[in-house]
Amino acid sequence: EHLLFEAKGPEGDDNVAEYIESIAGRMRAFTLRDFTHVDITVASKFIEPALASLIKTVFEAQFDEEAILHEQTVIAREIADMEEGLAVAMDFKLWDLAFEGHPYGRPVGGTAKQVRRITVETAREFYDNFYVPNNVSLVVVGRVDADWLFDRVAKLTAGYEAGTVKWTE
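Right, let's walk through the structure included here. (Residues numbered from 1 in each chain as written. Predicted model: local features only at pLDDT ≥ 70, side-chain atom pairs only at ≥ 80, totals over all residues. Heavy atoms only, no water.)

## A short note on the overall build of the chain
Basically, it comes down to this: The helix and strand labels rest on DSSP assignments: H or I over at least four residues marks a helix, E over at least two residues marks a strand, and numbering proceeds from the N terminus. Residue exposure ignores everything except the shown protein chains as possible cover, and the areas themselves are Shrake-Rupley values with a 1.4 Å probe. The convention is simple: Lys and Arg are positive, Asp and Glu are negative, and His and the chain ends are not counted. By convention, the charge on Lys lies at NZ, on Arg at CZ, on Asp at CG and on Glu at CD.
The helix and strand tally for the chain stands at eight helices and two strands. Its C-alpha atoms put the chain at 50 × 30 × 30 Å along the principal axes. Just so you have it, the chain exposes about 11,200 Å², and 56% of that area is on carbon and sulfur atoms. Across the chain, the mean location of the 17 positive side-chain charges is 2 Å away from that of the 30 negative side-chain charges.

This is the structure we're talking about:
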């Protein structure tokens, strides 16, 4: 999810986070073992452009080497900070023991060594595999007409093909 904040829009324009902030919105994200959660808050009058920006960024994100290097540094620092805490170390060990040999036993953010191996190509491959319409859920809360929303999301996502998510070990 770190790269989602750094990704440029498909036309090389501002990234989605900058755009959301420019319309007085807020964007947050986090990753757990089963999913990545992206939370965007905007005034209802901005929902259409915010949706369009988010959908284009998720399905057409453009990464460059500079963004990858920047996020590698940020994530490595987060991993180092987490590893310093006894509670986190115990949590990692518990998951490792409970799910030995299963992906759930791995740290959510990976290891610093794994993060350093990310390239533009591996990031693109990950996005192309997992960030596909049939592997994404959208939840909208607030003063929005549901019929309009369903119609608009259908139109905004019509050009994107469903993918076959390939789970790897």
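Having seen it, we continue.
## Some thoughts on the nonpolar core
Quick note on the threshold: The nonpolar core is taken to be a set of buried Ala, Val, Leu, Ile, Met, Phe, Trp, Tyr and Cys residues, with the residues joined through side-chain atoms within 4.5 Å. Only protein chains enter the accessibility calculation, which uses a 1.4 Å probe. A residue is then buried if its area is under 20% of the maximum for its type, exposed if over 50%, and partly exposed in between.
Counting 26 residues, the largest nonpolar core has Leu51, Phe63 and Tyr127 as its most contacted members. Taken together, the elements giving at least two residues each to this core come down to α1 (2–6), α2 (16–22), α3 (47–60), α7 (120–130) and α8 (146–157). Looking at this core, the element that brings in the most residues is α3, giving seven residues.

## Describing the layout of surface pockets
Put simply, the rule reads: Residues are called lining when one of their atoms sits within 4 Å of a cavity or pocket point, these points coming from a 1 Å grid over the protein atoms alone, where a cavity is a set in which a 1.4 Å probe fits but cannot get out and a pocket is an open set with protein on both sides within 12 Å along at least five of seven lines. Grid points are joined across faces, edges and corners, and a volume is the space filled by probe spheres set on the points. All amino acids are sorted into three groups, where Ala, Val, Leu, Ile, Met, Phe, Trp, Tyr, Cys and Pro are nonpolar, Asp, Glu, Lys and Arg are charged, and the leftover types, Gly among them, are polar.
Roughly 170 Å³ of internal volume is contained in the second largest pocket. Leu138, Val139, Val140, Val141, Gly142, Val144, Asp145, Ala146, Leu149, Phe150 and Val153 are the residues that line the second largest pocket. In terms of residue class, the lining of the second largest pocket is built from nine nonpolar, one polar and one charged.

## Some thoughts on the pattern of salt bridges
Note the following rule: Each salt bridge in this description consists of a side-chain nitrogen of Lys or Arg and a carboxyl oxygen of Asp or Glu lying within 4 Å of one another.
On inspection of all chains with the given rule, the structure shows eight salt bridges. A salt bridge links aspartate 39 to arginine 26, with the nearest nitrogen and oxygen atoms 3.6 Å apart. Of this pair, aspartate 39 sits in strand β2 (residues 36–41) while arginine 26 sits in strand β1 (residues 26–31), and the two are 13 residues apart along the sequence. A residue is classified by how much of its surface remains accessible, and arginine 26, at 37% relative accessible area, is partly exposed. Residues joined in a network through salt bridges with shared partners are Arg26, Arg28 and Asp39.

## Some points on the packing of aromatic side chains
Any aromatic ring pair is given by two values, namely how distant the centres are and how the planes are angled relative to each other. What counts is decided by this rule: When the centres of two rings from Phe, Tyr and Trp lie within 6.5 Å, Trp using its six-membered ring, the rings pair. Their planes under 30 degrees apart give stacked, over 60 give edge-to-face, and anything left gives tilted.
A full pass over the atoms with the stated rule returns nine aromatic pairs. On the numbers, 4.7 Å between centres and 40 degrees between planes, the contact of phenylalanine 126 with phenylalanine 130 is tilted. Taken together, the residues span about one helical turn, with phenylalanine 126 and phenylalanine 130 both in helix α7 at a distance of four residues. An aromatic cluster of three or more residues is present, and its members are Phe63, Phe126, Tyr127, Phe130 and Tyr131.

## Focus: the side chain of serine 53
Here is the rule we go by: Only heavy atoms enter the contact rule, under which two residues are in contact if any of them lie within 4.5 Å.
One can find serine 53 in helix α3. Setting aside residues no more than four positions away along its own chain, serine 53 makes contact with Val16 and Tyr19.

## Quick look at a nonpolar patch on the surface
Using the following cut-off: Exposure above 30% relative accessible area and the lack of any salt bridge qualify a residue for a patch; like charges then connect within 9 Å, and the nonpolar side chains Val, Leu, Ile, Met, Phe, Trp and Tyr within 5 Å.
There is a patch of nonpolar side chains on the surface, built from Phe30, Leu32 and Phe35 and spanning about 270 Å² of accessible area. By the secondary structure assignment, phenylalanine 35 is in the loop between β1 and β2. A relative accessible area of 41% places phenylalanine 35 in the partly exposed class.

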